[in-house]
Amino acid sequence: MTVRKTWRCIQGCGACCYLADRPELDQFLAPDEVAQYNSLISADGWCVHFQPSTRQCRIYDQRPYFCRVEPEVFDVLYGVTLDEFDEFAIACCEEHIADIHGPASAELRAFHYQVAGTDQL
Ligand code: SF4
Ligand code: SF4
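Residues numbered from 1 in each chain as written. Chains lettered and ligands numbered in written order. Predicted model: local features only at pLDDT ≥ 70, side-chain atom pairs only at ≥ 80, totals over all residues. Heavy atoms only, no water.

All right, on to the site of ligand 1 then. Around ligand 1, the neighbouring residues are Trp-7, Cys-9, Ile-10, Cys-13, Gly-14, Ala-15, Cys-16, Cys-93 and Phe-111. Grouping the amino acids of the shell around ligand 1 by side-chain chemistry returns eight nonpolar, one polar and no charged. (Near = heavy atom within 4 Å. Nonpolar A, V, L, I, M, F, W, Y, C, P; charged D, E, K, R; others polar.)

This is the structure:
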């Protein structure tokens, strides 16, 4: 039986708030949005709004639309349909989490548990 996974963010991750090293941005964002994105990158590569001690966004309710993992946003940015959303968003998170926390990290295990349950542990 195929288990349909549902994307969810996990607490204590923040991997997608490391903003440096995303050379493909201009494929998805307009020039003014690329400028806005670049303006958020601090010297260490993390977003200026990222709170390292909590791994949370300081401006979560006002975060830019390109930070939002939502079907409507992914449709505009990546042409992802509602039916494709969970699989695509999960793959994005897996890539970010593995890059930042490591492919064998507790964060990646927690993410897999969150999106798919104990069958992924
Ligand atoms: S990488 Fe995914 S799970 Fe981690 S903070 Fe970002 S949206 Fe949440
Ligand atoms: S604005 Fe918030 S959600 Fe967006 S990258 Fe910065 S810390 Fe992360």
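As a matter of local geometry, ligand 2 sits amid Cys-17, Leu-19, Cys-47, His-49, Phe-50, Cys-57, Ile-59, Arg-63, Pro-64 and Cys-67. The residue makeup of the shell around ligand 2, split by class, is eight nonpolar, one polar and one charged.

This part covers a negative patch on the surface. A cluster of like negative charges, contributed by Glu-24, Asp-26, Glu-95 and Asp-99, occupies part of the molecular surface. What makes Glu-24 partly exposed here is its relative accessible area of 31%. (Patch = residues over 30% accessible without salt bridge, like charges linked within 9 Å, V, L, I, M, F, W, Y side chains within 5 Å. Areas by Shrake-Rupley, 256 points an atom, 1.4 Å probe, with all protein chains shown as cover. Salt bridge = Lys/Arg side-chain N within 4 Å of Asp/Glu carboxyl O. Lys, Arg positive; Asp, Glu negative; His and termini not counted. Charge placed at Lys NZ, Arg CZ, Asp CG, Glu CD. Buried < 20%, exposed > 50% of the residue type's maximum accessible area, 1.4 Å probe, protein only.)

Once that is clear, we can look at the packing of helix α3 (residues 85-101) against helix α4 (residues 106-116). Between α3 and α4, whose axes approach to 9 Å, the crossing angle comes to 160°. Classed by the angle they form, the pair α3 and α4 counts as roughly antiparallel. Helix-helix and strand crossings are classified by hand; for α3 and α4 the assignment is right-handed. For the pair α3 and α4, contact is made by Ile-90, Cys-93, Glu-94, Ile-97, Ala-98 and His-101 and by Glu-107, Leu-108, Phe-111, His-112 and Val-115, respectively. (Axes fitted to C-alpha atoms, helices over the stretch in contact; angles between N-to-C directions. Helix = DSSP H or I, 4+ residues; strand = E, 2+ residues; numbered from the N terminus. Parallel < 35°, antiparallel > 145°, perpendicular 65-115°, else oblique. Left-handed = near helix turned anticlockwise from the far one by under 90°. Contact = heavy atoms within 4.5 Å.)

Glancing now at the nonpolar core. Trp-7, Leu-29, Ile-97 and Phe-111 are the most contacted members of the largest nonpolar core, which has 26 residues in total. Among the elements of the structure, α1 (31-39), α2 (71-78), α3 and α4 are those that each provide at least two residues to this core. In terms of residue count, the dominant contributor to this core is α3 (five residues). Other than its neighbours up to four places away in sequence, Ile-97 contacts Cys-13, Ala-15, Gly-102, Ser-105, Glu-107, Leu-108 and Phe-111. (Core = buried A, V, L, I, M, F, W, Y, C linked by side-chain atoms within 4.5 Å.)

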